[in-house]
There are 2 protein chains.
Amino acid sequence: MDPTTKINIPESPRERVVIVGGGFGGLQLARKLSKTDYQVVLIDRNNYHQFQPLFYQVAMAGLEPSSIVFPFRKLFQGKKNVYIRVTEVTEVDTTTKTLQTPLGHCNYDHLIVATGADTNFFGNENIEKHAIPMKSVAEALYLRNNILDDYEDALTTPGYDPRQELVDIVIVGGGPTGVELAGSLAEMKKHVLPKDYPELNIEEEVDIYLIQSGGELLKGFSAESSAKALKYLTDMGVTVLLGSRVTDFDGKTVFLKDGRSIPTQKVIWAAGIKGMPIKGLPESACTYGNRLEVDRFHRVKDTKDIYAIGDVCYMEEPDWQKGHPQVAQVAMQMGKNLAKNLHGRLRKKDPTPFTYNDKGSMATVGRARAVVDIPSPNFSFGGLFAWLLWLLVHLFAILGTRNKVFVFLNWVANYINYNQSLRLIIKPKIK
Amino acid sequence: MDPTTKINIPESPRERVVIVGGGFGGLQLARKLSKTDYQVVLIDRNNYHQFQPLFYQVAMAGLEPSSIVFPFRKLFQGKKNVYIRVTEVTEVDTTTKTLQTPLGHCNYDHLIVATGADTNFFGNENIEKHAIPMKSVAEALYLRNNILDDYEDALTTPGYDPRQELVDIVIVGGGPTGVELAGSLAEMKKHVLPKDYPELNIEEEVDIYLIQSGGELLKGFSAESSAKALKYLTDMGVTVLLGSRVTDFDGKTVFLKDGRSIPTQKVIWAAGIKGMPIKGLPESACTYGNRLEVDRFHRVKDTKDIYAIGDVCYMEEPDWQKGHPQVAQVAMQMGKNLAKNLHGRLRKKDPTPFTYNDKGSMATVGRARAVVDIPSPNFSFGGLFAWLLWLLVHLFAILGTRNKVFVFLNWVANYINYNQSLRLIIKPKIK
């Protein structure tokens, strides 16, 4: 496209705030600013907001993608100062204050980088080529289709070794995503697969591995919670390899640092993330984990009128000298604080520095098996009550009444019979 | 794959019935035979049964695909004599009684062709290349993504003529699918699009065309119902062109026989279907509409131990001298009758000739606008009561309690606010 084409947003006397990325941070900011006197442009590559904490349930055929995503246009119906563009920002020119996108260019008065983080393969091209990431609902759906396809193929694969490649699953990364995936795969192995595939010897043949480079699961959680998660997974039949590291994966065999190897075609990569800043920002602003260094007012280092929030930014505050955890809570609180400051700017108010209010962490492993850490008062617990709390918190966090109702009903149906009817290999036809 | 590879189904002393296609007819047959002493092999290209009457609601973002399809493996859990293979039959050898599939070959004692019908483009390659068919849930999802993508593109298309190509929609074929699509597009135009795309002038710019070659809509319905459907659509703002015919479509303009043309990139083709018999069956068995000629015991002409049911077969009976309509009711009743006959065969009973019990026809155009024809006593009605009956009949016909609940809730949500949150462009990532 001609780089002089405009993205077709009407010029207005209002100052224009362009938000790139409609994740937890960007969406929070856009919603707050939609009530102010700014013109708001929200750019996202999808036409929907994604609720990342439940991706793993989509991958496990426990929920439909539509239950955990929400279309931006519906969210902003009636907000005349909000413009949504479904595209990607390819570059920013900070001197002319212009963004380039495949739909044309777009100027800004204030730019907010809320592009989040993508999977980090740490430079291993083989792993990047063959492993399955879990950072979008499209990738979760790909994983679901992949698992189901492979079990179908296993039925007509008479040899034991080639069949192992199809039925075994390796998860790399012992954070919440890896732990939650391993737990739900273990439940699927026990309750669903034997009924769906009576021709296979599921109990004997299917192995689930969780590989974690550190010495404990759920890094950043309390020691009690880490130990509890490990016990839950081991009880459920998952082979957890701590202090282990994947060195290579050729699509058929996973190679570990200690020389061992596991035959499998399916490696789920949840071992790390890296920030996704926009091309054209100063290199001096880029810091640990490919994140943008910001001050406590979210201003990106060495830039003007450019802010970053959420997983893509790195901010230090007295209580968080190595930056904040890259989680939804931080992104949402940052979006809220930046909205307040930008709104205040129009009324000549001084901005407020960001302070993270840590409400705690939780992860679920399986039915009645979850862990919860609460920071103040310092307190951890697990089991049935933690699991119910996890369900409740996530249910309330999902956008939209319809989505809440549908997720709740799916959970109830799943609780009653462990036996969803969502194990469908649906791929939209491509012309 | 080596054509001598076997599809890995254990040999058994039971006679093997292979059913190709798990649509309304094939599924009915497989469910009945699962309770008999046959070994049943069900081959389908998908791992799920599709509820075709509601495809149009998936395309219009009113329902999720998962609500109207049901996985075969869940349906046949616990049936040890049923084997499911997700693949396609490429050829049959009637002398050796063997099927070829990409997974290997499969022998049969009795073969049932239940492959259904596919879209008929009547040999026009341009139309086949550019128009969108609606014969699978994958195609319905493609249509949904296509419509939403085009409205996003229209936002950044400043020229009036190129924008018309994106926002106008032409539906070809005035049967139930075409009528139902046109009606729900008209409702979307009125209630959803102006809220989602306030930047576009929806009322003035969006045109919906329904093109029907014959002189009336809903051919095969009563004259009252046809007239009523036409009135409903016209009242809702659809431009219905009767006695008109599409001669060509180059992806940007539709050309009609009378010399007129309509600028649009989106043509939905619901103008005809053709049977999909299996390669290797005798040519002499192939008749009108590419269907297989069968006698009243479902036996395919000039073959042995081969049967056909549903849309792919052509059967004459005294009351239906030009064959049956290609609808779900016929297929299901045929599946049931053939199951009874095959079961009776094991107990040396004489087979029963098929007699179609016509329970009537119905089509819905929009909210409180539907038509119902009941054949005996000859009786037609429309309006609110017909619409409620349509909803009820379809709700009960959908497989699975979860699906019924979810479809019902979606309908209620949609009734209350016309405003689904399913307008999502989700495409599983392809590696």
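Along each chain, the written sequence defines residue order, and numbers are assigned to residues from 1. Think of it this way: whatever chain is written first is A, whatever ligand is written first is 1, and the rest follow in order. Restriction of local features to residues with pLDDT of at least 70 applies here, the model being predicted, together with a cutoff of 80 or more for giving and counting side-chain atom pairs; totals for whole chains, interfaces and linings are based on all residues. Values reported for side chains reflect all heavy atoms of the structure, with hydrogen atoms and water molecules removed beforehand.

1. Section: the overall build of chain A
Piece 1. We count a stretch as a helix when DSSP gives it H or I for four or more residues in a row; a strand needs E for two or more, and each element gets its number in order from the N terminus. Within chain A one finds 14 helices and 26 strands.
Piece 2. Restricting the calculation to C-alpha atoms gives the radius of gyration, and the globule rule supplies 2.2 Å times the number of residues raised to the power 0.38. By the compact-globule yardstick of 22 Å for 431 residues, chain A fits well, its C-alpha radius of gyration being 23 Å.
Piece 3. Along the first, second and third principal axes, the C-alpha set of chain A runs to 70 × 55 × 45 Å.
Piece 4. The proportion of buried residues among the 431 residues of chain A is 57%.
Piece 5. In short, Shrake-Rupley with a 1.4 Å probe defines the accessible areas, and a residue's cover is counted only from the protein chains shown. Within the structure as shown, chain A displays about 18,200 Å² of accessible surface, and the carbon and sulfur contribution to it stands at 52%.
Piece 6. Note that His is not counted, nor are the chain ends; the positive residues are Lys and Arg, and the negative ones are Asp and Glu. By convention, the point assigned to a charge is CZ for Arg, NZ for Lys, CD for Glu and CG for Asp. For chain A, the separation between the mean place of its 51 positive charges and that of its 47 negative charges on side chains is 9 Å. Here the term buried applies to any residue with accessible area under 20% of the maximum for its type, exposed to any over 50%, and partly exposed to those in between, with areas from a 1.4 Å probe on protein chains only.

2. Describing the side chain of Arg402 of chain B
Piece 1. Looking at the secondary structure, you find Arg402 of chain B in helix α14 (residues 401-417).
Piece 2. Within polar-contact distance, the side chain of Arg402 of chain B engages the side chain of Asn403 of chain B at 3.0 Å. Any pair of N or O atoms that falls within 3.5 Å is considered a polar contact. Within protein, one atom must be able to donate a hydrogen and the other to accept it, and sequence-neighbouring residues count only if both atoms are side-chain atoms.

3. Description of the packing of aromatic side chains
All names here are of chain A.
Piece 1. Within 6.5 Å between ring centres, the rings of Phe, Tyr and Trp (the latter by its six-membered ring) count as paired, and their orientation is classed by plane angle as stacked under 30 degrees, edge-to-face over 60, tilted in between. Per the stated rule, a full pass over the model turns up 18 aromatic pairs over all chains.
Piece 2. On the numbers, 5.7 Å between centres and 75 degrees between planes, the contact of Phe24 with Phe51 is edge-to-face. On the criterion of sequence distance, the pair formed by Phe24 in helix α1 (residues 24-33) and Phe51 in the loop between β3 (48-50) and α2 (55-59) is long-range, its members being 27 residues apart. Phe51 shares its class with Phe24; the two are buried.
Piece 3. An angle of 65 degrees between the planes, with centres 6.5 Å apart, marks the rings of Tyr56 and Trp390 as edge-to-face.

4. Overview of the sheet that holds strand β26 (residues 379-382) of chain B
All names here are of chain B.
Piece 1. Across the sheet, three strands lie side by side as β24-β25-β26; this open sheet has antiparallel pairing. One side of each edge strand has no neighbouring strand; the edge strands of this open sheet are β24 (361-366) and β26. Each strand of the sheet is rotated relative to its neighbour by a mean of 10 degrees, with strand direction disregarded.
Piece 2. Two strands pair when backbone bridges link them, and β24 and strand β25 (residues 369-374) are joined in this way by five bridges, in the antiparallel orientation. From the neighbouring strand, Ala363 faces β25, where its bridge partner is Val371.
Piece 3. Any pair of residues with heavy atoms lying within 4.5 Å of one another is described as a contacting pair. Note on geometry: axes are lines fitted to C-alpha atoms, helical ones only across the stretch in contact, with angles between N-to-C directions running from 0 to 180 degrees. Against the sheet, helix α13 (residues 384-397) engages β24, β25 and β26, with an angle of about 110 degrees to β24. Two strands make a pair as long as DSSP finds a minimum of two bridges between them.

5. Some remarks on the domain arrangement of chain A
All names here are of chain A.
Piece 1. Partitioning chain A into domains gives domain 1 (16-119 + 273-346) and domain 2 (125-271).
Piece 2. Contact residues are listed per partner, giving 20 residues for domain 1 and 16 residues for domain 2.
Piece 3. When two components associate, each loses some accessible surface as probed by a 1.4 Å sphere; the sum of these losses over both components is called the buried area. Summing both partners gives a buried area of about 1,600 Å² for domain 1 against domain 2, and 67% of it is carried by carbon and sulfur.
Piece 4. A per-residue breakdown of the area domain 1 buries against domain 2 is headed by Tyr56, Met60 and Thr119, which together make up 39% of the total.
Piece 5. Here a salt bridge means any side-chain nitrogen of Lys or Arg lying within 4 Å of a carboxyl oxygen belonging to Asp or Glu. Applying the counting criterion to the domain 1 and domain 2 interface returns one salt bridge.
Piece 6. The partner of Arg144 in a salt bridge is Glu64, with the nearest N and O atoms 3.1 Å apart.
Piece 7. Where domain 1 touches domain 2, the interface holds four residue pairs in polar contact (both at pLDDT 80 or more).
Piece 8. Going through the elements one at a time, β3, α2, α3 (65-68) and β10 (117-119) are the ones with two or more residues in the side of domain 1 that touches domain 2. Domain start and end points were adopted from an automatic or database domain assignment.

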